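Here is what each chain is made of, one letter per residue.
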Amino acid sequence: MASIASLSANALRAVSRRAPRAVPKLPAKSTQTAFYSLLARSALPNSLRQPIIQVAATRGVKTLNFAGTEESVYERSDWPLAKLHDYFKNDTLALIGYGSQGHGQGLNARDNGLNVIVGVRKDGESWTQAIEDGWIPGETLFPIEEAIGRGTIIMNLLSDAAQSQTWPTVAPLITKGKTLYFSHGFSVVYKDDTGVIPPPDVDVILVAPKGSGRTDVTGKAMEKAVALGVAVGSGYMYETTFEKEVYSDLYGERGVLMGAIQGLFCAQYKVLRANGHSPSEAFNETVEEATQSLYPLIGQKGMDYMYNACSTTARRGALDWAPIFEKTNLPVFEKLYESVKNGTETRKSLEFNGRSTYRQDLAKELKEIDDQEIWRAGKVVRSLRPDYKAE
């Protein structure tokens, strides 16, 4: 199954399941003199230098060299609004579900002038939210089954658990000629657990905050995927597969994006507290300095830049201890990836998120995090920031 994936440049308007990631504009040149790494690179012999980026462009499509591997990147510049409107002039985007993805993608597509309707459970919480956002019952807001019937591109943006639960009802409505659209590869990749098997006679497209893809029945799925990526707010898109998108997504969330970082923060904080450091000092040295001073440097200019921006003592210690942390954590990350790949994480998610007591159980677990001393101390530390706004 060939695919294309999309990376949201302005991040979808909605607050997604994790904090929106800032996506820098692609550099126009192959050198960036603000990088400390380039200062070091300039001292190397020509034969040892590697360009930061190489570009071969044809109207909105670029081949970029990512650390020695060439990948195609599709940019929105090839899809001005007039072309987008003409391409979708005979289509109705039926957006099913109005959570974080549905809200953001729907508003972006509507703002871009496309014909968009929303399908959710009538009079439910999402129905009310959609009305507040300007969707009109009977005109642009419908019950799920009616929205699917009216749509040509069916954007299934329900939660992973809800996609599995509703698929027996939804599947017969995805008739030949329609396009089936997902924003996460979860349901399709783990079909043995979810029961979600797309019909064989329709185009299937994935457009996620960092991914989109296709099953090409009509021969136009690639073009359609890129166009839809632009329509819902993507700045540029890169190729991947359904499997790689969902594996990397689940792995990353459980790893350094959320799970691992919470575990590391707590471990470091506890050692500091056990050795007599105050809550404020322990939080500052664990979280505040990381998130407010150092991590932004990594995001803006890379790890080597951040190292160079720190003191010689800090740099020496970090260089010595980084390999130790890598060696210690590598087996944990290997175990995590295997748990994702073999479906264990999927089955856990489907079981928990499908419970009738899901919201109460989740609230209990999140309250346990909120009540941890590290995060209680953090609330006080945040209140001391010059730009603090009451939570």
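Residues numbered from 1 in each chain as written. Predicted model: local features only at pLDDT ≥ 70, side-chain atom pairs only at ≥ 80, totals over all residues. Heavy atoms only, no water.

K.L.:
Explanation requested: a nonpolar patch on the surface in the structure shown.
P.N.:
There is a patch of nonpolar side chains on the surface, built from Val-256, Leu-257 and Met-258 and spanning about 260 Å² of accessible area. Tracing the backbone through its elements, the reader meets Met-258 in the loop between α10 (242-254) and α11 (259-274). (Patch = residues over 30% accessible without salt bridge, like charges linked within 9 Å, V, L, I, M, F, W, Y side chains within 5 Å. Areas by Shrake-Rupley, 256 points an atom, 1.4 Å probe, with all protein chains shown as cover. Salt bridge = Lys/Arg side-chain N within 4 Å of Asp/Glu carboxyl O. Helix = DSSP H or I, 4+ residues; strand = E, 2+ residues; numbered from the N terminus.)

K.L.:
Quick question: what am I supposed to make of the packing of aromatic side chains here?
P.N.:
The geometry of an aromatic ring pair is captured by two quantities: the separation of the ring centres and the angle between the planes. Using the criterion set out here, one finds 12 aromatic pairs in the structure. Summarising the aromatic geometry, the rings of Trp-321 and Phe-325 are spaced 6.1 Å apart at their centres and angled 50° between planes, so their arrangement reads as tilted. Residue Trp-321 and its partner Phe-325 are both found in helix α14 (residues 312-341); the two are separated by 4 residues, about one turn of the helix. Residue class for Phe-325 comes out partly exposed when judged on its relative accessible area of 48%. Here Lys-83 stacks its cationic end above the ring of Trp-79, 4.3 Å away from the centre of that ring. (Phe/Tyr/Trp six-rings, centres within 6.5 Å; stacked < 30°, edge-to-face > 60°. Buried < 20%, exposed > 50% of the residue type's maximum accessible area, 1.4 Å probe, protein only. Lys NZ or Arg CZ within 6 Å of the ring centre and 35° of its normal.)

K.L.:
Is there a simple way to explain the packing of α11 against helix α17 (residues 373-382) in this structure?
P.N.:
Between two packed helices, the angle of one axis relative to the other and the distance separating the axes together describe the packing. Remark: α11 packs on α17, axes separated minimally by 10 Å, with the N-to-C direction vectors making an angle of 85°. Relative to α17, the element α11 lies roughly perpendicular. Of the residues in α17, those touching α11 at Gln-262, Phe-265, Cys-266, Tyr-269 and Arg-273 are Glu-373, Ile-374, Trp-375 and Ala-377. For the contact of α11 with α17, the per-class residue count stands at 6 nonpolar, 1 polar and 2 charged. (Axes fitted to C-alpha atoms, helices over the stretch in contact; angles between N-to-C directions. Parallel < 35°, antiparallel > 145°, perpendicular 65-115°, else oblique. Contact = heavy atoms within 4.5 Å. Nonpolar A, V, L, I, M, F, W, Y, C, P; charged D, E, K, R; others polar.)

K.L.:
Is there a simple way to think about the pairing of strand β5 (residues 93-96) in this case?
P.N.:
Each regular strand shows side chains that alternate between the opposite faces of the sheet. Side chains of β5 alternate between two faces, with Leu-93 and Leu-95 and Ala-94 and Ile-96 buried alike. Bridge analysis of β5 against strand β6 (residues 116-119) gives 4 bridges, and the strand direction is parallel. Paired with Ala-94 across the strands is Ile-117, a residue of β6. Note on the crossover from β5 through helix α3 (residues 100-111) to β6: the handedness is right-handed. (Pairing = 2+ DSSP bridges. Right-handed = clockwise from strand over helix to strand, strands pointing away.)

K.L.:
Hey, could you run me through the side chain of Asn-65 in this one?
P.N.:
Within the fold, Asn-65 resides in strand β3 (residues 61-66). For Asn-65, a relative accessible area of 15% translates into the label buried.

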